[in-house]
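Chains, contacts and geometry: an overview
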Amino acid sequence: MHTPREGEAAPRLWGSYVALGDSFTEGMDDPWPDGSFRGWADRLAAHLARARPQLRYANLAIRGKLLGQIIDEQLPAAIDLSPDLVTFCAGGNDILRPSSDPDALAAQFEQATAELRATGADVVICTGFDTKEVPIMRRVRGKVATYNAHLRAIADKHNCHVVDLWSMTVLQHPQAWSEDRLHLSPEGHERVALRACVELGIPVTADWSEPWPITDPPDWLTLRRADLRWAKQHFVPWLGRRLTGKSSADGIEPKRPQLAELCEKP
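Below, the structure is looked at part by part. Please read all numbers here as calculations on a predicted model, not as lab measurements. In this numbering scheme, every chain counts its residues from 1 along its sequence in written order. For a predicted model such as this one, the threshold for reporting local features is a pLDDT of at least 70, and the threshold for listing and counting side-chain atom pairs is 80 or more; totals across whole chains, interfaces and linings nevertheless cover every residue. Note: side-chain values were computed over all heavy atoms of the structure, leaving out hydrogens and water.

1. Some remarks on the environment of Leu67
What counts here: Numbering of helices and strands starts at the N terminus; helices are DSSP runs of H or I of at least 4 residues and strands are runs of E of at least 2. To sort residues, take the accessible area from a 1.4 Å probe on protein chains only and compare it with the maximum for the residue type: under 20% means buried, over 50% means exposed, and anything in between is partly exposed.
Within the secondary structure, Leu67 sits in helix H3 (residues 67-81). Accessibility expressed as a relative area gives 0% for Leu67, which makes it buried. Residues Leu67 and Asn93, 26 residues apart in the sequence, show an inter-C-alpha distance of 7.7 Å.

See below:
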């Protein structure tokens with residue numbers, strides 16, 4: 001929970017917010033009833049709008065995008081929109097590639113961050129998750145840690161806010177993740193939105209670090225069946241896209257390409 005303390009400065013009331021990134025920021029797998037995705041950025045925008053009801057919000061994030069694609073396609077559009085606040089979370093899809101270089105990625109990320117800050121916008125950077133409990137991705141944990149160190153240094157140099165996903169141990173719980181084990185569950189997205197609010201000084205009544213409800217752990221057979229189902233339904237298709245050069249972004253457009261006031265769905 002975060003509420004303003006006595007003597008604490010009032011939070012800034014941003015009038016416009018643009019989110020850049022990949023599937024994490026697009027909001028997979030946090031669906032609305034109509035099948036479209038919500039996600040932590042939409043949830044953050046809703047929290048911001050409670051303090052500034054006329055907040056205008058755009059989300060340019062598209063699943064599967066690499067850092068260079070985000071910089072080439074989303075960065076110019078974001079600058080044209082002239083927002084007060086930008087969240088810039090990118091590089092995760094690159095890190096998963098065997099040949100990726102976190103040092104080179106960080107250099108690209110810093111240049112883009114400098115361009116955003118030069119517009120006068122406040123910028124929020126997200127670190128990568130700690131992948132030690134995530135199948136497949138645990139192998140790139142060292143690269144994620146290296147990239148994260150760069151991101152924190154970039155944030156310090158350019159005076160950016162940081163949402164440190166690595167330190168959010170609450171996200172290492174299975175309830176924070178969807179069935180594909182690559183994207184957050186709705187509850188996981190809400191925890192990230194709450195953490196972002198804390199970093200931005202936005203009062204919230206819920207606690208992002210609250211322990212998950214205690215449930216009975218599944219038995220061994222149930223776990224193995226879940227592993228087989230995950231491999232068939234999620235890992236094999238993902239691997240197939242990698243081998244064939246296809247992208248989950250094919251044919252996908254930004255869900256909120258222009259700044260507009262929020263209209264909450266039922």
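This is not the end of the story, as more comes after the structure.
2. Observations regarding the packing of H3 against helix H5 (residues 102-118)
Filter applied, for reference: Lines fitted to the C-alpha atoms define the axes, with helices restricted to the stretch that makes contact. Angles between their N-to-C directions range from 0 to 180 degrees. Note on terminology: angles under 35 degrees are roughly parallel, angles over 145 are roughly antiparallel, angles of 65 to 115 are roughly perpendicular, and the others are oblique. Here a residue-residue contact requires only that any non-hydrogen atoms of the pair lie within 4.5 Å. Classes in brief: Ala, Val, Leu, Ile, Met, Phe, Trp, Tyr, Cys and Pro nonpolar; Asp, Glu, Lys and Arg charged; the others, Gly included, polar.
Packing of H3 against H5 leaves a shortest axis separation of 11 Å and a crossing angle of 0 degrees. Relative to H5, the element H3 is oriented roughly parallel. Residue-level contacts link Leu67, Gly68, Ile71, Leu75 and Ile79 of H3 to Leu105, Gln108, Phe109, Ala112, Glu115 and Leu116 of H5. In the contact of H3 with H5, the residues fall into eight nonpolar, two polar and one charged.

3. Points about the sheet that holds strand S6 (residues 256-261)
Put simply, the rule reads: Pairing between strands requires that DSSP locate at least two bridges from one strand to the other.
Taken in spatial order, the six strands line up as S5-S4-S3-S1-S2-S6 in an open sheet, and their pairing is mixed. Every other strand in the sheet has two partners, leaving strand S5 (161-163) and S6 as the edge strands with one partner each. Direction aside, the axes of adjacent strands within the sheet are offset by 15 degrees on average. For strand S3 (residues 85-89) and strand S4 (residues 122-126), the ladder comprises four bridges, and the chain directions are parallel. The partner of Phe88 across the bridge, within S4, is Ile125. Sheet strands in contact with helix H2 (residues 39-51) are strand S1 (16-21), strand S2 (56-59), S3 and S4, and its direction is about 170 degrees off that of S1.

4. Considerations on the pairing of S3
Taken across its five residues, S3 has five buried, putting it largely inside the fold. Here S3 shows no split at all, with Leu85, Thr87 and Cys89 on one side and Val86 and Phe88 on the other all buried. With five bridges connecting them, S1 and S3 associate as parallel partners. Looking at the pairing, Gly21 lines up with Cys89 of S3.

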